[in-house]
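Summary of structural features
The residues making up each chain are set out below.
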Amino acid sequence: MKHQPSLFSALLTPLLVALGLYGGAARAQTPAPQPARLMEPPYLVTGANLVMLGVVWDAEVVKRVLPAGLKPTPELSGGINIYQASGGYGVGPYQSAYFWVDVDGHDSSSGVKGRWMMQGVYGPEPRPAATLVEYAGFPVRSGGSRFVDDGKIRQAIGSVAGHDFVSVKIKTSTDCSPAASMLTYTTRKGLIEIPFTGSMCKAEPVSVEVTARAGDPFAAFKPQKILWAAEVKDAIFTITRTLPPGF
């Protein structure tokens with residue numbers, strides 16, 4: 001007797017094919033082809049591995065980059081995020097490194113302080129940066145990131161135009177647990193919500209060095225103090241459409 005597919009199978013199979021999950025393990029490992037044109041959000045990012053460092057920024061530099069109506073936290077807290085994403089739709093896969101400052105009045109639903117991206121890179125090919133400038137309003141350009149591991153020390157490096165501009169070192173740990181949260185970023189185009197899940201691993205900060213060339217926008221940002229470090233593995237997150245900025 002010839003097998004007749006159920007209605008459920010008929011509906012599910014095209015979805016699995018579109019996601020690259022149908023037809024064996026080899027096919028599932030092949031990233032979905034990305035369209036050549038710039039895509040409007042939302043964007044889905046998968047398989048992201050991140051190294052984050054919480055820092056205190058210089059007051060004068062923050063004052064120059066924040067638009068009128070936005071106020072930094074009294075502590076001038078913020079951070080550096082260096083990561084790579086292995087898959088996704090709309091912008092992935094890609095590499096990234098950026099600096100942010102925490103701002104008052106835009107806390108996420110998870111209670112995390114709102115953020116303003118001060119400068120960043122996405123790449124290494126041009127489309128991710130161009131997409132996030134056009135539709136998210138992030139101040140980014142083409143660039144990349146890489147990781148170097150030496151025992152329990154992980155070095156995360158951001159680069160632009162063939163030159164490294166930041167190096168973060170953390171002491172890694174196998175003490176990891178599932179985590180989920182919401183982040184909010186304010187941009188000149190509006191407010192962006194980013195829900196994410198991943199495996200959060202305890203880490204200890206070791207060092208941070210901004211090595212940007214003279215005249216590069218990154219060169220102005222010199223962390224005054226290190227506050228914390230974290231590593232996130234296998235993260236999945238969504239970059240949503242912009243909401244009214246409210247500032």
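My aim in this report is to walk through the structure given alongside it, one point at a time.

The rules behind the values
Counting restarts for each chain: residues are numbered from 1 in the order of the written sequence. Local features in this predicted model are restricted to residues whose pLDDT is 70 or higher, and side-chain atom pairs enter the listing and the counts only when it is 80 or higher, whereas totals over whole chains, interfaces and linings include all residues. Hydrogens and waters are ignored; side-chain quantities use all the structure's heavy atoms. Only DSSP runs of H or I with at least four residues qualify as helices, and only runs of E with at least two residues qualify as strands; both kinds are numbered from the N terminus onward. Between buried and exposed lies partly exposed: a residue is buried under 20% and exposed over 50% of the maximum accessible area for its type, with that area taken using a 1.4 Å probe on protein chains only. Here, two residues are considered to be in contact whenever any of their heavy atoms come within 4.5 Å of each other. A strand pair is defined by DSSP finding two or more bridges across the two strands. Structural elements are reduced to axes, namely lines fitted to C-alpha atoms, with helices fitted over the stretch in contact, and the angle between N-to-C directions of any two is expressed from 0 to 180 degrees. Any pair of Phe, Tyr and Trp rings, taking the six-membered ring for Trp, is counted once the centres come within 6.5 Å. Such a pair is stacked with planes under 30 degrees apart, edge-to-face with planes over 60 apart, and tilted for the rest. Without a salt bridge and with relative accessible area above 30%, a residue can belong to a patch; like charges are then joined within 9 Å and nonpolar side chains (Val, Leu, Ile, Met, Phe, Trp, Tyr) within 5 Å. Per-residue and other accessible areas were derived by the Shrake-Rupley procedure at a 1.4 Å probe size, with only the shown protein chains allowed to occlude residues. Salt bridge, as used here, is a side-chain nitrogen of Lys or Arg placed within 4 Å of a carboxyl oxygen of Asp or Glu.

Remarks on the side chain of Asn 81
Among the structural elements, Asn 81 can be located in strand β2 (residues 77–89). Looking at Asn 81, the relative accessible area reads 4%, which means it is buried. Aside from chain neighbours lying at most four places away, what touches Asn 81 is Leu 50, Val 51, Met 52, Ser 96, Ala 97, Tyr 98 and Trp 100.

Looking at the sheet that holds strand β8 (residues 163–171)
In spatial order, the strands read β6-β7-β8-β11; together these 4 strands make up an open sheet with antiparallel pairing. This sheet does not close on itself; its edge strands, each paired only once, are β6 (144–150) and β11 (204–210). The mean angle between the axes of side-by-side strands here comes to 15°, regardless of whether they run parallel or antiparallel. As paired strands, β6 and strand β7 (residues 153–160) are joined by 7 bridges and run antiparallel to one another. Residue pairing across strands places Gly 144 opposite Ser 159, the latter belonging to β7.

Some words on the packing of aromatic side chains
Enumeration according to the criterion identifies 12 aromatic pairs in this entry. Relative to Phe 237, the ring of Tyr 83 has its centre 6.0 Å away and its plane inclined at 75°; by these criteria the two rings are edge-to-face. With a gap of 154 residues between them, Tyr 83 in strand β2 and Phe 237 in strand β12 (residues 225–239) connect regions that are remote in the sequence. Summarising the burial analysis for this pair, Tyr 83 and Phe 237 share the class buried.

Remarks on a nonpolar patch on the surface
A cluster of nonpolar side chains, contributed by Leu 44, Tyr 89 and Ile 236, occupies part of the molecular surface with about 270 Å² of accessible area. With relative accessibility at 38%, the residue Leu 44 sits in the partly exposed group.

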